[in-house]
Amino acid sequence: MANPDLIYEIIILGSGPAGLTAAIYAGRSRCCPLLIEGGQPGGQLTTTTAVDNFPGFPQGVDGPELMDNMRRQAERFSTEFITGEVSKVDLKERPFRLWIDETLYRCMSLIIATGASARLLGLDNEKELYGRGVSVCATCDGFFYRDKDVVVVGGGDTAMEEAVFLTRIARSVTVVHRRDSLRATPVLADRALANKQITFRWDSEVTEILSNQSGVVGIKVTQRNTGTVEDISCHGVFIAIGHQPNTHLFEDQLEMDTEGYLTTRHGAETSIPGVFAAGDVQDPQFRQAITAAGTGCMAAIQAERYLDDLPYDPSLTCQKGICRPKPR
Ligand code: NAP
């Protein structure tokens, strides 16, 4: 059980590949990290089926299985796990302070690996219809659309993967993309373009989601060049238009770029010494499981070096023996 009376050497926020890799490294260097997992333990990979590009798995591996393996590896090296939504952080002074509901947790170094969440279109009833026809994850919800008509919004890798996946389940799949060419990498784009079951609506925007009491019944699509508006009937709308970083907790405390990604330098350092960031929360560019794991490793190594350089203060560290024994 996590003990709020203690001052942890390292607290890790997030349990995707970045957070879990940081935990494996921190645990192996005897830092006994506390890892706080949020509402989606395992992160975005738990919503994926085959992960074909994580080295070490020649036949590919299921996302949930990969994350479960990482978690068990982190447990083997003494990571303590708790589940909860951190509602507030104070990084102004050390020890850093975090709250889950009313419970305060303190740490000497913090690794932020809170990832990114699916972006929505910003339409009026989109959130209300979430789970009743609107989805951001075909591998999670595709099952419910057997022999139904579905729409996928977006032109990136995620949209193409979801569209191809859905052709195995749904009666028809329509991709609505706002431009006339795909952003997706050629291998995924070509696979989707060659799939006869997918219809593409180019230069088109979803401007309304139509619904009745039972959920989604269609969408209104506006052709951007002509302004023509057309109704497409469907039961499912899969929104795959990218992600936004989960950084609202750190606004006004840590440096971020214009899109809200945490700014890192020299590896995983943030604008506050002792606070490190890893994975999608600081990566608008690559956003891969392997790059997330790599930055998690960097964050843990840098956190450990940071702790080593702190002046020894028995009142702050090693309380009740949970942290690694030193004097330094
Ligand atoms: P992404 O690459 O950012 O693509 C987002 C797509 O949504 C783009 O086509 C974009 O249009 C469109 N879009 C953005 N905002 C929109 C809006 N408000 N309305 C309508 N359309 C909008 O996101 P992603 O596909 O989720 O991929 C994210 C990262 O994960 C990428 O690095 C990708 O390579 C990686 N990924 C890899 C794999 C794989 O390797 N198997 C699978 C999934 C994802 P524009 O093109 O016009 O900007």
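Treat the numbers as computed from the prediction; the structure is a model and nothing was measured.

Calculation notes
Residues numbered from 1 in each chain as written. Predicted model: local features only at pLDDT ≥ 70, side-chain atom pairs only at ≥ 80, totals over all residues. Heavy atoms only, no water. Salt bridge = Lys/Arg side-chain N within 4 Å of Asp/Glu carboxyl O. Helix = DSSP H or I, 4+ residues; strand = E, 2+ residues; numbered from the N terminus. Near = heavy atom within 4 Å. Polar contact = N/O pair within 3.5 Å; in protein donor to acceptor, adjacent residues only side chain to side chain. Nonpolar A, V, L, I, M, F, W, Y, C, P; charged D, E, K, R; others polar. Pairing = 2+ DSSP bridges. Axes fitted to C-alpha atoms, helices over the stretch in contact; angles between N-to-C directions. Left-handed = near helix turned anticlockwise from the far one by under 90°. Contact = heavy atoms within 4.5 Å. pLDDT = per-residue confidence, 0-100. Buried < 20%, exposed > 50% of the residue type's maximum accessible area, 1.4 Å probe, protein only. Right-handed = clockwise from strand over helix to strand, strands pointing away.

Digging into the pattern of salt bridges
And step 1. Enumeration according to the criterion identifies 11 salt bridges in this entry.
And step 2. With a closest N to O distance of 2.5 Å, Arg71 and Glu75 form a salt bridge. Placement of both Arg71 and Glu75 in helix H2 (residues 63-76) is noted, with a separation of four residues, approximately one turn of the helix.
And step 3. With its nearest N and O atoms 2.9 Å apart, the salt bridge here joins Arg201 to Glu230. In this pair, Arg201 sits in strand E13 (residues 198-201) while Glu230 sits in strand E16 (residues 229-233), placing the two residues 29 residues apart along the sequence.

Considering the site of the ligand
And step 1. The full set close to the ligand counts 20 residues, and Asp157, Thr158, Glu161, Arg179 and Arg183 are the nearest of them.
And step 2. Gly155 is positioned with one of its backbone polar atoms (N or O) 3.0 Å from an oxygen atom of the ligand.
And step 3. Arg179 is positioned such that a nitrogen or oxygen atom in its side chain is 2.7 Å from an oxygen atom of the ligand.
And step 4. Among the elements that make up the shell around the ligand, the one with the highest residue count is helix H4 (residues 157-167) (three residues).
And step 5. For the shell around the ligand, the class distribution of residues is four nonpolar, 10 polar and six charged.

Brief notes about the sheet that holds E16
And step 1. Taken together, the three strands give an open sheet; going across it, the order is E14-E15-E16, and neighbouring strands pair in antiparallel fashion. With one partner strand each, in any of the chains shown, strand E14 (204-212) and E16 form the two edges of the open sheet. Sheet twist, expressed as the mean angle between neighbouring strand axes with direction ignored, is 25°.

Notes on the packing of helix H1 (residues 17-28) against helix H6 (residues 289-309)
And step 1. Running from amino to carboxyl end, H1 crosses H6 at an angle of 35°, the nearest separation of the two axes being 7 Å. H6 is crossed by H1, and the crossing has right-handed handedness. Along the contact surface, H1 presents Pro17, Ala18, Thr21, Ala22, Tyr25 and Ala26, while H6 presents Ala289, Ala292, Ala293, Gly296, Cys297, Ala300 and Ile301.
And step 2. Partitioning the contact of H1 with H6 into residue classes produces 11 nonpolar, two polar and no charged.

Structural notes on the confidence of the model for the protein
And step 1. In this model, the protein carries a mean pLDDT of 91, and residues with pLDDT of at least 70 account for 93%.
And step 2. A low-confidence stretch, residues 324-328 (pLDDT under 50), is modelled with 20 contacts involving residues beyond four sequence positions or located in other chains.

Some thoughts on the pairing of strand E1 (residues 7-13)
As a general feature of sheets, a regular strand has side chains that alternate between the two faces.
And step 1. Across the seven residues of E1, seven count as buried, placing the element largely inside the fold.
And step 2. Two strands pair when backbone bridges link them, and E1 and strand E8 (residues 103-112) are joined in this way by six bridges, in the parallel orientation. Within the sheet, the bridge partner assigned to Leu13 lies in E8 and is Ile112.
And step 3. As defined by bridge partners, E1 adjoins strand E2 (residues 34-37) across three bridges and the pair is classed as parallel. Along E2, the bridge assignment pairs Ile11 with Leu34.
And step 4. Each parallel crossover has a hand, and for E1 linked through H1 to E2 it is right-handed.

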